[in-house]
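Letter by letter, the chains look like this.
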Amino acid sequence: MPKPLIPCLLTAIGLTTALGVGGPSQAQSLPDGDGRDLVESVCTGCHNTNQITRSSGYTQAQWLELTGTMIDLSGDPELRDGITGYLATHFPPSGNRAATLVPGSHTIAFKEWVVPTLGQRSRDPIEAPDGTIWWTGQWGNLIGKIDPATGEMTEYDLPEGTYPHSVTLDAEGKVWYTGNKNGTVGYLNPATEEITVYEMPDPAARDPHTAIFDDQGIYWFTLQHSNMIGRLDPASGDIKLVSPPTPGSKPYGIKIDKDGTPWVACNGGACLLKIDPETMAITEVKLPTPGTTVRRLDIAGDGMIWYVNSGQGKLGRYDPATGAITEWDSPSGPKSHPYAIAVVDGIVWYNESGVRPDPLVRFDPATETFQSWPIPSGNVHAGIIRHMRATGDGNLLIHQSSTNRIIRVDVKGAPATQ
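Residues numbered from 1 in each chain as written. Predicted model: local features only at pLDDT ≥ 70, side-chain atom pairs only at ≥ 80, totals over all residues. Heavy atoms only, no water.

When you look at the environment of Pro 288 in this model, what are you seeing that I'm missing?
On the secondary structure map, Pro 288 appears in the loop between strand E18 (282–286) and strand E19 (294–299). Taking the relative accessible area as the measure of exposure, Pro 288 reaches 53% and is therefore exposed. (Helix = DSSP H or I, 4+ residues; strand = E, 2+ residues; numbered from the N terminus. Buried < 20%, exposed > 50% of the residue type's maximum accessible area, 1.4 Å probe, protein only.)

Structure (structure tokens):
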């Protein structure tokens, strides 16, 4: 059933149990000071303290805004002020992860929606043919939709323990998700609000991750930590799983080329994977730069495969016809951790997730030039984009998972935003 359109109060105890994260054994030590115990008891209900220690730091007003996207503490001002006061004292703005923003002549515009349920980590928006935008709230265990014309939003609960990582749509309009915590995939039928679940045939297949349909209606998906790639035939429900030749490849992003061949990014090593759609035989393409890891890839209209070298802060291109590989340094450097990527009308778009603000980067292959913009996320820069996809009219859908935002980007030239 749809979730209510009122942000819920997330309790530390409930989230610790549901998510299986947090707690002292996984926490990074916080400095002594008034409010430390409050932070450790409340904040680790959702995430580890390294999410605090690795931040770029904020003022108390900014910490108040950021924590307000996670949990409603308005009913206890003393607790709220104790937490945000401690955070502002020990983790003030530092500039230690500053982005390198590249100016240029191209203009873009952002349209933001803040989704209802607090702390959900909204992500992976996709546009349906009728213009509806669907997203998944991974930590909120939900799927949501936006009517861009009215701004109306609806959220749908998924089976307990699913924690969906991504959504995609089939030709009939069903909304498919990957159950990242319970070894399932499934779909929501918007017409009936019924959910259908498929369990993995192998208990080692624990974490379905990212998925895509080919032109034959076959559902392909990755399983990162299980080191597998899956294929589901919705007509029969049959699931087949295969493993890459290299252990620890961590299959992550997946796309289908014009010939119907799936290509997969390796988040655990310097490789791309080509999958035979009939036999599921895997061909490994070795990438040249030591320390390479690849979060995601996309395929241009000319067949070129573009990828983010997340481990080394580079943008890469692989030519399947010749085997040629070219890489460019990303503007914010080797620690910029490029993450999501999309090629739209020959232009490459991606984000740098390791710096703040989390920039949206534009690369023009014809001129080999970059331009970048800070992505809006309220008055804080907590990021981050984990997936981006083109809209039907050739624009972009992105998100800011840490602040519960879904964002549409007009990339075709709009009033300047920089």
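Looking at this structure, how should I read the state of the cysteines?
By definition, a disulfide links the sulfur atoms of two cysteine residues through a covalent bond. Enumeration according to the criterion identifies one disulfide in this entry. Residue pairing for Cys 266: its cysteine sulfur links by disulfide to Cys 271, the two sulfurs lying 2.2 Å apart. Classification of the bridge connecting Cys 266 and Cys 271 rests on its S-S torsion, roughly -105°, and on that basis the disulfide is left-handed. Lacking any disulfide linkage, Cys 43 is separated from the closest cysteine sulfur, that of Cys 46, by 8.2 Å. The buried category is assigned to Cys 43, whose relative accessible area is 14%. (Disulfide = S-S within 2.5 Å.)

What's the story with the packing of helix H4 (residues 60–68) against helix H5 (residues 77–90) in this structure? I'm lost.
Two packed helices can be described by the angle between their axes and the distance between those axes. Two numbers describe how H4 lies on H5: the axes approach to 8 Å, and their chain directions differ by 125°. When the interaxial angle is binned, H4 and H5 end up oblique. In this structure, H4 meets H5 at a crossing whose hand is right-handed. Counting all contacts with H4, which are made through Gln 60, Trp 63, Leu 64 and Thr 67, the residues of H5 involved are Arg 80, Asp 81, Thr 84, Gly 85, Leu 87 and Ala 88. Among the residues forming the contact of H4 with H5, the class breakdown is four nonpolar, four polar and two charged. (Axes fitted to C-alpha atoms, helices over the stretch in contact; angles between N-to-C directions. Parallel < 35°, antiparallel > 145°, perpendicular 65-115°, else oblique. Left-handed = near helix turned anticlockwise from the far one by under 90°. Contact = heavy atoms within 4.5 Å. Nonpolar A, V, L, I, M, F, W, Y, C, P; charged D, E, K, R; others polar.)

Please explain the packing of aromatic side chains as it appears in this structure.
Two numbers describe a pair of aromatic rings. These are the distance of the centres and the angle of the planes. Taken as a whole and judged by the stated rule, the model has 15 aromatic pairs. Members of the aromatic cluster, each reached through a chain of ring pairs, are Trp 176, Tyr 187, Tyr 198, Phe 213, Tyr 219 and Phe 221. One Lys or Arg, Arg 121, reaches over the ring of Trp 139 and ends 4.4 Å from the middle of that ring. Between the NZ or CZ atom of Lys 174 and the centre of the ring of Tyr 187, over which it lies, the distance is 5.2 Å. (Phe/Tyr/Trp six-rings, centres within 6.5 Å; stacked < 30°, edge-to-face > 60°. Lys NZ or Arg CZ within 6 Å of the ring centre and 35° of its normal.)

Would you take a moment to explain empty space enclosed by the protein for this structure?
The method is simple in principle: a probe with the dimensions of a water molecule rolls over the atoms, and the space it marks as empty is what remains. For the structure on display, the rule yields three cavities of 30 Å³ or more. Quantified by volume, the largest cavity comes out at close to 100 Å³. Val 42, Cys 43, Cys 46, His 47, Thr 67, Met 70, Ile 71, Leu 73 and Ile 83 are the residues that line the largest cavity. Its residues placed into classes, the lining of the largest cavity shows seven nonpolar, two polar and no charged. In terms of lining residues, the second largest cavity is bounded by Cys 46, His 47, Thr 69, Met 70, Gly 119, Gln 120, Arg 121, Trp 139, Ser 401, Ser 402 and Asn 404. When its residues are assigned to classes, the lining of the second largest cavity shows three nonpolar, seven polar and one charged. (1 Å grid on protein atoms, 1.4 Å probe; cavity = no way out; pocket = protein on both sides within 12 Å on 5 of 7 lines; lining within 4 Å. Points joined across faces, edges and corners; volume = space filled by probe spheres on them.)

Is there a simple way to explain the sheet that holds strand E11 (residues 208–213) in this structure?
The pairing of strands in a sheet happens through backbone hydrogen bonds and is either parallel or antiparallel. Taken in spatial order, the four strands line up as E11-E12-E13-E14 in an open sheet, and their pairing is antiparallel. The strands lining the two open edges of the sheet, one partner per strand, are E11 and strand E14 (238–242). On average, adjacent strands in this sheet sit at an angle of 20° to one another, irrespective of strand direction. As judged from the four bridges shared by E11 and strand E12 (residues 219–223), these two strands associate in the antiparallel manner. Its bridge partner being in E12, Ile 212 is matched across the sheet by Trp 220. (Pairing = 2+ DSSP bridges.)

Please explain the side chain of Ser 310 as it appears in this structure.
Along the chain, the position of Ser 310 falls in the loop between strand E20 (305–309) and strand E21 (314–318). Ignoring anything within four residues of it in the chain, the contact list for Ser 310 reads Thr 293, Val 294, Arg 295, His 337, Pro 338 and Tyr 339.

In this structure, what is going on with the pattern of salt bridges? I would like to understand it.
Pairing of side chains with opposite charge becomes possible as their charged atoms draw close. For the structure shown, the criterion picks out twelve salt bridges. The shortest N-O distance in the salt bridge between Glu 40 and Arg 36 comes to 3.3 Å. Of this pair, Glu 40 and Arg 36 both sit in helix H2 (residues 36–42), four residues apart, roughly one helical turn. In this structure, Lys 174 engages Glu 172 in a salt bridge whose closest nitrogen and oxygen atoms are separated by 2.4 Å. Counted as one network, the salt bridges with shared partners bring together Asp 32, Arg 36 and Glu 40. (Salt bridge = Lys/Arg side-chain N within 4 Å of Asp/Glu carboxyl O.)

What should I look at first to understand H5 in this one?
Owing to its 3.6 residues per turn, the α-helix brings residues three or four apart onto one side. Given a rise of 1.5 Å per residue, 14 residues ought to cover 20 Å, and the 20 Å separating the end C-alpha atoms of H5 matches this to within 8%. What H5 keeps buried is the set Leu 79, Ile 83, Thr 84, Gly 85, Tyr 86, Leu 87 and Ala 88. Tucked into the core, H5 has its buried residues touching H2, helix H3 (50–53) and H4. (Expected span 1.5 Å × (residues − 1).)

Explanation requested: the sheet that holds strand E24 (residues 347–352) in the structure shown.
The sheet built from four strands is open, its strands ordered E23-E24-E25-E26 with antiparallel pairing. Each edge of the open sheet is held by one strand with a lone partner, namely strand E23 (338–344) and strand E26 (369–374). Looking at each pair of strands side by side, their axes are set apart by 20° on average, direction ignored. In this structure, E24 lies alongside strand E25 (residues 359–364), joined through four bridges in antiparallel fashion. Looking at the pairing, Asn 351 lines up with Leu 360 of E25.

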